[in-house]
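Fold and geometry: a report
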Amino acid sequence: MRFAQLAVMGGVAVVGIASEAKGAFLESLGATAVAYDRGGVGRRIEELLPAGADAVLDLVGDDALESVTAVVTARTLVTTVAGEEVAARFKACPLRRANSTATLTALADLVMNGKLDPCVRRVFPLAEAGDALALVESGHVTGKVVLDVTTGRR
């Protein structure tokens, strides 16, 4: 979700694919949402991007890129978490994390100045870590789930 917010802050028009239930959340970040669970994703993406996409960021992997093949052109930069076979088929770059101090400091500054929403939607005390994990594993979380390790400390 941070990617969408950062792209929108940079003036990029973002189209995101999510479940219908998470569409409003995606749109609250400034993206145009396309629901994958309503069918016809490829057609709707193609209608939104008739000239093709400049870039595609795949954070799902497996066969998720199949739904956007119609908007991937020779100029499209594709970055993915998918395995080597899928990445090769789309001539995609692997997604790598840049956990440098400078990057993390810049992101923290954006959060502290209210320009970037870290999307923390649920906070659990450490004693309820099992409940937090169950919620995340359910696949129905919108935003981030955080464990508060300071609860109960003096």
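As the structure is a prediction and not an experimental result, all values here were calculated from the model.

You will see that Asp62, though not glycine, has its phi angle at about 50 degrees, which is positive. The residue Asp62 is located in the loop between strand S3 (55–58) and strand S4 (77–80) in this model. With a phi close to 50 degrees, Lys91 is a non-glycine residue in the positive phi region. By secondary structure assignment, the location of Lys91 is in the loop between helix H4 (84–89) and strand S5 (93–94).

Moving on, we get to the environment of Glu85. Of note, Glu85 is situated in helix H4. On the basis of relative accessibility, which here comes to 63%, the residue Glu85 falls in the exposed class. Counting along the chain gives 15 residues from Glu85 to Ala70, while the straight-line C-alpha distance between them is 19 Å.

Further remarks concern the nonpolar core. Counting residues in hydrophobic clusters, the biggest one holds 14 residues, and the most contacted among them are Val56, Leu65, Val78 and Phe90. Those elements that place two or more of their residues in this core are helix H3 (41–48) and H4. Setting aside residues up to four positions removed in sequence, Leu65 forms contacts with Val56, Asp58, Val78, Thr80, Val86 and Phe90. Counting residues in each nonpolar core, the second largest holds 5 residues, with Val14, Ala18, Leu26 and Ala31 among its members.

Scoring rules and cut-offs
- Residues numbered from 1 in each chain as written.
- Predicted model: local features only at pLDDT ≥ 70, side-chain atom pairs only at ≥ 80, totals over all residues.
- Heavy atoms only, no water.
- Helix = DSSP H or I, 4+ residues; strand = E, 2+ residues; numbered from the N terminus.
- Buried < 20%, exposed > 50% of the residue type's maximum accessible area, 1.4 Å probe, protein only.
- Core = buried A, V, L, I, M, F, W, Y, C linked by side-chain atoms within 4.5 Å.
- Contact = heavy atoms within 4.5 Å.

What is shown is where atoms sit, not what they do.
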